[in-house]
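Structural overview
As a plain string of letters, each chain reads:
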Amino acid sequence: NTILNDTFFTSCNAGIEVYNLSQKKSLYSRDRLKLMNPASNMKVITSIAGLVYLGKDYTFKTKIGYTGQIENSVLNGDIVIVGYGDPDFKMDSLNKCYDLLSAFGIKEIKGDILLDVSYKDSLFWGEGWMWDDDGAVTSPFMSALNIYGNTVKVTVSPVAGGGRPHVSVYPVTNYFEIVNSASMSNDGTDLRVWRDYLERTNKIFVKGKMSYGSQPAVYIFNVWQPEFYFATLLKEKLERGGIKVSGKARIIYHDYKMTQLYEFQHPYSKLINQLNKKSDNLYAEMVLLALGGISRNKNVSFADGKKYQDSIIKWAGKNPADYRLSDGSGVSRYNVVSASLLLALTNKIYETGGELFDIYYNSLPIAGVDGTLASRMKTGLCYNNLHAKTGTLSGVSSLSGYLRAKSGDMISFSIMMQNFPGSSSKARGFQDAICEIIAQNN
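Here goes a summary of the coordinates provided.

**Quick word on the overall build of the protein**
When you go through the protein residue by residue, the secondary structure sums to 9 helices and 21 strands. For a compact globule of 442 residues, the expected C-alpha radius of gyration is about 22 Å, and the protein comes in at 24 Å, within 12% of that figure. Taking the principal axes of the C-alpha coordinates as reference, the protein spans close to 75 × 60 × 35 Å. Looking at the 442 residues of the protein, the share that counts as buried comes to 56%.

**Digging into the nonpolar core**
In this structure, Ile45, Ile79, Ile81, Ile109, Val152, Val337 and Tyr402 are the most contacted members of the largest nonpolar core, which totals 109 residues. Counting residues in each nonpolar core, the second largest holds 28 residues, with Ala14, Ile16, Ala405 and Phe420 among its members.

**Some words on the sheet that holds strand E10 (residues 166-170)**
Taken in spatial order, the 3 strands line up as E10-E9-E15 in an open sheet, and their pairing is antiparallel. Strands at the two margins of the open sheet, each flanked by one partner only, are E10 and strand E15 (217-222). Each strand of the sheet is rotated relative to its neighbour by a mean of 25 degrees, with strand direction disregarded. Taken together, the 6 bridges between strand E9 (residues 151-157) and E15 define a ladder with antiparallel strand orientation. Each residue of the ladder has a partner; that of valine 152, found in E15, is phenylalanine 221.

**Here's the deal with the packing of aromatic side chains**
In this structure the tally under the stated criterion is 29 aromatic pairs. In textbook terms, an aromatic cluster arises when at least three aromatic residues are bridged by ring pairs, as seen for Phe124, Trp125, Trp129, Phe141 and Trp224. Cation over ring: lysine 96 sits above tyrosine 262, and NZ or CZ is 4.7 Å from the ring centre. The ring of tyrosine 98 has lysine 237 sitting right over it, with the charged end atom 5.7 Å from the ring centre.

**A short note on the packing of helix H5 (residues 281-292) against helix H6 (residues 302-315)**
Interaxial distance between H5 and H6 falls to 7 Å at its minimum, and their mutual angle equals 85 degrees. Between H5 and H6, the angle is such that the two are roughly perpendicular. The residues of H6 that touch H5, namely those facing Glu285, Met286, Leu288, Leu289, Leu291 and Gly292, are Phe302, Asp304, Gly305, Lys306, Tyr308 and Gln309.

**Looking at the pattern of salt bridges**
One pass over the full model with this rule turns up 16 salt bridges. The salt bridge involving lysine 90 is made with aspartate 88; its shortest N-O contact spans 3.3 Å. Lysine 90 gets classed as partly exposed once you look at its relative accessible area, which sits at 33%. You can call aspartate 88 buried: its relative accessible area is 17%. In this structure, the salt-bridge partner of aspartate 304 is arginine 296, at a minimum N-O distance of 3.5 Å. Classification of arginine 296 as partly exposed rests on a relative accessible area of 37%. One continuous salt-bridge network, built from bridges that share partners, spans Lys56, Asp57 and Glu355.

**Focus: the packing of helix H7 (residues 339-352) against helix H8 (residues 354-363)**
Following both chains from N to C, one finds H7 and H8 inclined at 135 degrees, their axes separated by 7 Å at the closest point. When the interaxial angle is binned, H7 and H8 end up oblique. On H8, the residues that touch Ile349, Tyr350 and Thr352 of H7 are Gly354, Leu356, Phe357 and Tyr360. Class assignment for the residues of the contact of H7 with H8 results in 5 nonpolar, 2 polar and no charged.

**Here's the deal with unusual backbone geometry**
Note the cis peptide between tyrosine 170 and proline 171, where omega equals 0 degrees. Residue alanine 39 is not a glycine yet carries a positive backbone phi of 50 degrees. In this structure, alanine 39 sits in the loop between strand E2 (25-30) and helix H1 (42-54). A positive phi angle is found at arginine 200, which is not glycine, with a value near 50 degrees. Along the polypeptide, arginine 200 turns up in the loop between strand E13 (190-195) and strand E14 (203-211). With relative accessibility at 29%, the residue arginine 200 sits in the partly exposed group.

**Remarks on the environment of serine 363**
Its location among the elements puts serine 363 in helix H8. Distance from serine 363 to serine 397, taken between C-alpha atoms, is 20 Å for residues 34 residues apart in sequence. If we skip the residues at most four places from it in the chain, serine 363 touches Ile272, Asn273, Asn276 and Lys277.

**Concerning H8**
By the burial criterion, the buried members of H8 are Leu356, Phe357, Ile359, Tyr360, Tyr361 and Ser363. Close packing links the buried residues of H8 with H1, helix H4 (268-277), H7, strand E19 (387-393), strand E20 (396-404) and strand E21 (410-418).

**Things to note about the sheet that holds strand E18 (residues 259-267)**
Ordered by their spatial adjacency, 5 strands build an open sheet running E17-E8-E6-E3-E18, and the pairing between neighbours is mixed. Both edges of this open sheet fall to strand E17 (249-251) and E18, since each of them pairs with a single strand only. Each adjacent strand pair in this sheet contributes to an overall mean axis angle of 20 degrees, direction not counted. Bridging between strand E8 (residues 113-116) and E17 involves 3 bridges; their strand directions are parallel. Bridging across to E17, leucine 115 finds its partner in isoleucine 251.

**Considering the pairing of E10**
Along a regular strand, successive side chains alternate from one face of the sheet to the other. Alternating positions in E10 separate cleanly, Val167 and Val169 being buried on one face and His166, Ser168 and Tyr170 remaining unburied on the opposite face. Bridge count between E9 and E10: 5 bridges; the pairing is antiparallel. Paired with lysine 153 across the strands is tyrosine 170, a residue of E10.

What counts and what doesn't
- In every chain, residue numbers begin from 1 and rise along the written sequence.
- With the structure being a predicted model, the display of local features is reserved for residues of pLDDT at least 70 and the display and counting of side-chain atom pairs for 80 or more, all residues being used for whole-chain, interface and lining totals.
- The side-chain figures draw on all heavy atoms in the structure; neither hydrogens nor water molecules are used.
- Only DSSP runs of H or I with at least four residues qualify as helices, and only runs of E with at least two residues qualify as strands; both kinds are numbered from the N terminus onward.
- Using C-alpha atoms as the atom set, the radius of gyration is obtained and then compared with a globule rule of 2.2 Å times the number of residues to the power 0.38.
- Categorising residues by exposure relies on relative accessible area from a 1.4 Å probe, with only protein chains included: less than 20% of the type maximum marks a residue as buried, more than 50% marks it as exposed, and the intermediate range marks it as partly exposed.
- By nonpolar core we mean a set of buried residues, namely Ala, Val, Leu, Ile, Met, Phe, Trp, Tyr and Cys, connected to one another through side-chain atoms within 4.5 Å.
- Strand pairing is defined by DSSP finding a minimum of two bridges between the two strands.
- Only the contacting stretch of a helix is used when fitting its axis, a line to C-alpha atoms as for every element, and angles between N-to-C directions run 0 to 180 degrees.
- Only Phe, Tyr and Trp rings take part, Trp by its six-membered ring, and two of them pair if their centres are within 6.5 Å. Stacked means planes under 30 degrees apart, edge-to-face means over 60, and tilted covers everything else.
- Charge-over-ring placement is defined geometrically: NZ (Lys) or CZ (Arg) within 6 Å of the ring centre, and within 35 degrees of the ring normal.
- Any angle from 65 to 115 degrees is called roughly perpendicular, while one under 35 is roughly parallel, one over 145 is roughly antiparallel, and all others are oblique.
- It only takes one pair of heavy atoms within 4.5 Å for two residues to be counted as in contact.
- Every case where a carboxyl oxygen of Asp or Glu lies within 4 Å of a side-chain nitrogen of Lys or Arg is listed as a salt bridge.
- As a working rule, the residues Ala, Val, Leu, Ile, Met, Phe, Trp, Tyr, Cys and Pro are called nonpolar, Asp, Glu, Lys and Arg charged, and the rest polar, with Gly in that last group.

Function cannot be read off these values alone, since they describe shape.
So, in structure tokens, the structure goes:
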């Protein structure tokens, strides 16, 4: 109460609930039913729903195959990539695609790279995502075919002898047009680097000046039309390995027959770590999409997945009509939930126990150790003890999870703070102090 009487909370709303899971009794609450934006604490709802309704053995998949016939090292047909919303398709999987085709002795593909993205509808962002967040990796464009998190890393490096600084991208690709008008300078560094989000293209602009003695500057952006990004990276990988691709990338709008070569599988039980520890928005939204895929297998929407968010709220003993959920990750400003709901879910998955709880608990950031809590609570009772999901938007900060109290009891808690100006560091400091008090006094 002393902490919450600070002048910071004159304007900042705070909803808190604390519960002793070992003794099954409530310890503290304040404005626990007040509705607030959860930010990334939405991932508490989405990731638990994924465990309960998709199950611990669910896998995200991507299929590769071909049409036509292979004759004398030539594929007289197309390569087909079928996407099912896998958020974890990385560059090493492209190497596997090359190996599969190379094993058949293929040296040339006469046709196109066909992209089957029919699993997902055409909406590439969540409800309520904001236009001025475009460009940021926290607002990835989403597709049934995702690769490298649908992001690109841009590195600007100084060069000797004047001229322009060097600009490179990773993954290495020609998918981006680099417009570099920056110059080298003896007067310090003042760079502006951005992807052309206003016109929604994949042009990358580099302007300003870079000091000769400066370190390389690294920027990461989201990528427009990730399915074509996927196809471009695949084509470039094949051609670097000596497999010529005559055609182009195109989306399939008609039925086709393919010979399947391989099905990539990435288990949710492992992907949930990236979702929660790193608070990865693409992973959360693809879990929401996968939930929608339980009831349909084509043109799945995020709205289909939200039905299962409602179901998990009922599972926790709450009424979905009391809240508003707009996405799976917490990027949307439309989401409103309460500390009471987040605690109910936190408690219910704990009471469920077994492997489901272990997977969820181990996916949460650990105070002072890893994920989004790596730099917080590095001393005191919470260090390497508290497991919790963070949440941050401008003017919003939340923290929900578990800690082992000084007594040995397992404590659950949810802390939501909303409506403060400036950095969220002060709000996080109050949350850390509250958690230390909980640990000390129970």
